[in-house]
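Okay, here's what each chain looks like letter by letter:
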Amino acid sequence: MGVAHLSQRGKFMAIFNIQKREIECKIVYYGPGRCGKTTNLEYVFKAFKRQVTGEMVSVDTEGDSTLFFDFLPMGLGKINGCDVRVQIFTVPGQQKYSSTRKLVLKGLDGVVFVADSLAVRREKNLISLKDLQQNLKEYGQSITRIPLVLQYNKRDLADEGVPIMSVEQMERDLNRQLKVTSFEASATKGTGVGKTLQECLKLTLISLHKELQWSK
Amino acid sequence: MNIKERVRSLLKEAELYKDQRLLKEARKKYTDVIEILEQQSRIQNRDALIAAVEKKRDSLDTAIIKWDQSRVNPEVSGKVQNLIKRLFTASEEGISDEENGINEAITLAKFGQYRQALEEFSRLVHLPIVCASAAKNAIKCYLELSESDECIEAVKGWWQDCCFTPEQYASITHFMQSAFEKSGLDLGDAMAEPQVGFAGGEDFTAPIDDDIIDITSIGINFQSGPMEGQHVEIDVSFQSGSLLSLIVASSEKALLQLLLKGTAIHDVDFYSPIAIFKGAAVVESNTGILSGPKKGDFSLDIRINSI
Ligand SMILES: Nc1nc2c(ncn2[C@@H]2O[C@H](COP(=O)(O)OP(=O)(O)OP(=O)(O)O)[C@@H](O)[C@H]2O)c(=O)[nH]1
Ligand SMILES: [Mg+2]
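Residues numbered from 1 in each chain as written. Chains lettered and ligands numbered in written order. Predicted model: local features only at pLDDT ≥ 70, side-chain atom pairs only at ≥ 80, totals over all residues. Heavy atoms only, no water.

## Some thoughts on the coordination of the magnesium ion (ligand 2)
Using the following cut-off: Metal coordination here is assigned from N, O and S atoms located within 2.8 Å of the ion, or within 3.2 Å for Na, K and Ca; omission of water means that sites may look incomplete. We count a stretch as a helix when DSSP gives it H or I for four or more residues in a row; a strand needs E for two or more, and each element gets its number in order from the N terminus.
The magnesium ion (ligand 2) binds to the protein through Thr38(A) (OG1) and Thr66(A) (OG1); the donor distances cover 2.0 Å. Note that Thr38(A) is positioned in helix α1 (residues 37-47) and Thr66(A) in strand β4 (residues 66-79), a separation of 28 residues in sequence.

So this is what it looks like as C-alpha cells:
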C-alpha cells in the first residue's frame, strides 16, 4: 500500500503519496461575480511561467463570466523533500451558478477571497463571504480554520473617479472577525496578485504540513 | 457639482460598470441620469439627451434578459468534459475500472452534462458488476433531459438484452417508479411486471452518489455482544457516495473484532453538518494500514445501507 490512507482526495484533504513523496493541494479563488478572480489567475499564468506546469483552462460564457471554473496547474518543486503540486481553481461568482460553485469548492485546502472594491458591490462581497462560510460548513470545514487570505481588488479604479471603498471600510465589513491577512490589488495591472497567492500557498502548506505530518 | 458635471460623472460610472459587465449597476446609473434630466426644464435638447440615455438603458435591458435566460449547465465540449471527469472524480484506491467509470459519469451529471453522462451510463449498463447502478443513474439523466418515453424504452431494451438479473430488474423498476413520481410523472404499468417478488426497502448499494449527504462522523450503538450498551463515535476520513472510510486505532481491539468484514451494523447514528440520521450499515473491508503516519491502525470501509 503505497498511498497512505489519508492520501485520498476526500472532502478536504490534499492528495499525499508517501511513496512517491508527492503532495497535491487545491487552492480556490472565491468571491462575488465580476470581482476579478479570473483576471487574477490570468495574471498568475503569465507572470509565474516557471511554476506553471500546464495550460490554463477557462470554462466561461459568452459574456466571459466563468461558467464552471478556471483551472491552472502549478508545481512548487521540492519542499521538505516532497514534490509539491498545486491545482488552482476559480469558482463562478455569479449568483445563478451556486450549485457549480459548491462543486468546485469541494476538497479545497486553501482559499483566496477576492472582494470587489467598487462601492456598488459592497453587499455582493458580504453575501459571497457568507456563501463561502456556508458552503465550507456543509463540507464539514470552518471558515475560521481554513487557510484563507483576503484580497481587495480593483484598487486602480480610485484614479478613475468611480466610488470605491476605503481599505478600512472593507476590513470592517469583511475581516473584523476573521482577522486574516489581506492585500490590496489590481488584477488587471498585476499589483498584489503574486503576494496574495504566495501568502495563501504559505498558509496552506503550513496547515498541510501539520495535518499530514509530512517530513523528511 | 453642477448638473452637467453630475450627469457626466454618472454616465462615466455607468460606462465603466458596463465594461465590467456589471449590467444592473450600469442600468441603475443610467436611470439616475434620466431622472435628473427629467427634472430639468431649462436644458437645451433635453428630450434628445433623455432618448439617447434611454436607448443605452434599453440595450442593457436586452443584455440582462439574455443573461438571466442563459442556461446554468449548458453542454460543453468533449475536451472540457474529460477535464471535468479528471479533476472532480475522487480517486479511490482499489476500485474497478467499471466503478470508476460510474463515478466519472456521475461527475458529468453533477455538472449538468446529462447527454454525455447518459451515453456513458448506457455503455456501463452492459457490464455486470455495475449494471444496476448504471441503469439507475441513466434513469435520472433521462428524467433531467425530459425524455421519459425514451427512458422506458431503454430500460425495457436493457432487460431484453439480459443486462440484469430478475432481482436487479425488480430493484431498477422500483427505483424508476419513485424517480418518475418525484418528477411528477406516472409510470403506470409501462414496465412489465418483474418475475420475482420484490421486498420493499431493498438497499441501494449502488453509488447513487448525489443523494447521499456528507457524513462527518458516525456513532455506533452496540445492542448486544461484548460491547453491549456502549456508544462509540468514529470520524469519517473519506467519503465516496454511500461508502465511508474510517480509521480505527490498533488499540481498539474489542471494537475491531466486532467490525470484521461483512458485519452488519444495525444501529448507527450518521452525523452530517445538517442533522443526525439513524440508519444501518455493513462493513465492506477492514484492513491494517502498512505505511504512513497511521501505520498499524486499521482502515475500515463501511457502506450505508439505509439512512
Ligand atoms: N479596473 C479593474 N478592472 C478589473 C480588475 N480586476 C478585474 N477587472 C475587470 O472586472 C471584470 C470581471 O473580471 P473577471 O476576472 O472576469 O471576474 P470574475 O471574478 O472571474 O467573475 P465571474 O467569473 O463572473 O465570477 C473584467 O472586465 C475585468 O477586466 C482590476 O483590478 N481593476
Ligand atoms: Mg471568472
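## Describing helix α7 (residues 131-144) of chain B
All names here are of chain B. Rules: By this rule, a helix spans an expected 1.5 Å times one less than how many residues it contains. Using a 1.4 Å probe on the protein chains alone, a residue whose accessible area is under 20% of its type maximum counts as buried, one over 50% counts as exposed, and one in between counts as partly exposed. Any two residues whose heavy atoms approach within 4.5 Å at even a single point are treated as in contact.
Along its 14 residues, α7 runs 20 Å from first to last C-alpha, staying within 8% of the 20 Å computed at 1.5 Å per residue. With respect to burial, α7 is a largely interior element, twelve of its 14 residues being buried. Against the buried residues of α7 lie α5 (97-110), α6 (114-124), α8 (148-160) and α9 (166-182). Where α7 ends, the next residue or the one after it, Ser146, has phi of about 55°, a positive value.

## Focus: the site of ligand 1
All names here are of chain A. For the record, the criterion: Put simply, a residue is near a molecule or strand once any heavy atom of it comes within 4 Å of that molecule or strand. In protein, a polar contact requires one atom able to donate a hydrogen and another able to accept it; more generally it is a pair of N or O atoms within 3.5 Å, and residues adjacent in sequence count only if both atoms are side-chain atoms. All accessible-area figures derive from a Shrake-Rupley calculation using a 1.4 Å probe, and residue coverage is judged against the displayed protein chains alone. Asp, Glu, Lys and Arg are counted as charged, while Ala, Val, Leu, Ile, Met, Phe, Trp, Tyr, Cys and Pro are counted as nonpolar; the rest, among them Gly, fall into the polar class.
Near ligand 1, the surroundings consist of 22 residues, among which Lys37, Thr38, Thr39, Gly93 and Asp156 are the closest. One of the backbone N or O atoms of Cys35 is found 3.2 Å from an oxygen atom in ligand 1. With the chains in place, 90% of the 650 Å² that ligand 1 exposes on its own is no longer accessible. Tallied by class, residues from the shell around ligand 1 come to five nonpolar, twelve polar and five charged.

## With respect to the confidence of the model for chain A
Quick reminder of the rule: Confidence scores labelled pLDDT are given residue by residue by the predictor and lie between 0 and 100.
Averaged over every residue, the pLDDT of chain A is 90; the share at 70 or more is 92%. Contacts from residues 1-12 of chain A, a stretch scored under 50 in pLDDT, to residues over four places away or in other chains number 59 contacts.

## What about the interface of chain B and chain A?
Applicable threshold: Two parts placed together each lose some accessible area under a 1.4 Å probe, and the buried area is that loss summed for both. One speaks of a salt bridge when a side-chain nitrogen belonging to Lys or Arg is within 4 Å of a carboxyl oxygen belonging to Asp or Glu.
With 45 residues of chain B at the interface, the matching set in chain A holds 47 residues. Carbon and sulfur atoms supply 65% of the area that chain B and chain A bury against each other, a total of about 4000 Å² over both sides. Joining chain B to chain A, the criterion identifies one salt bridge. In this structure, Glu25(B) engages Arg121(A) in a salt bridge whose closest nitrogen and oxygen atoms are separated by 2.5 Å. Where chain B meets chain A, there are six residue pairs in polar contact (both at pLDDT 80 or more). Ranked by residues supplied to the side of chain B that touches chain A, first place goes to helix α4 (residues 78-88) of chain B with six residues.

## Describing the pattern of salt bridges
The final tally for this structure, using the stated rule, is 19 salt bridges over all chains. The partner of Glu22(A) in a salt bridge is Arg85(A), and the shortest N-O contact between them spans 2.9 Å. Of the two residues, Glu22(A) sits in strand β2 (residues 22-30) while Arg85(A) sits in strand β5 (residues 82-90), which places them 63 residues apart along the sequence. Looking at Arg85(A), the relative accessible area reads 33%, which means it is partly exposed. Across the salt bridge formed by Asp61(B) and Arg27(B), the nearest N and O atoms sit 2.5 Å from each other.

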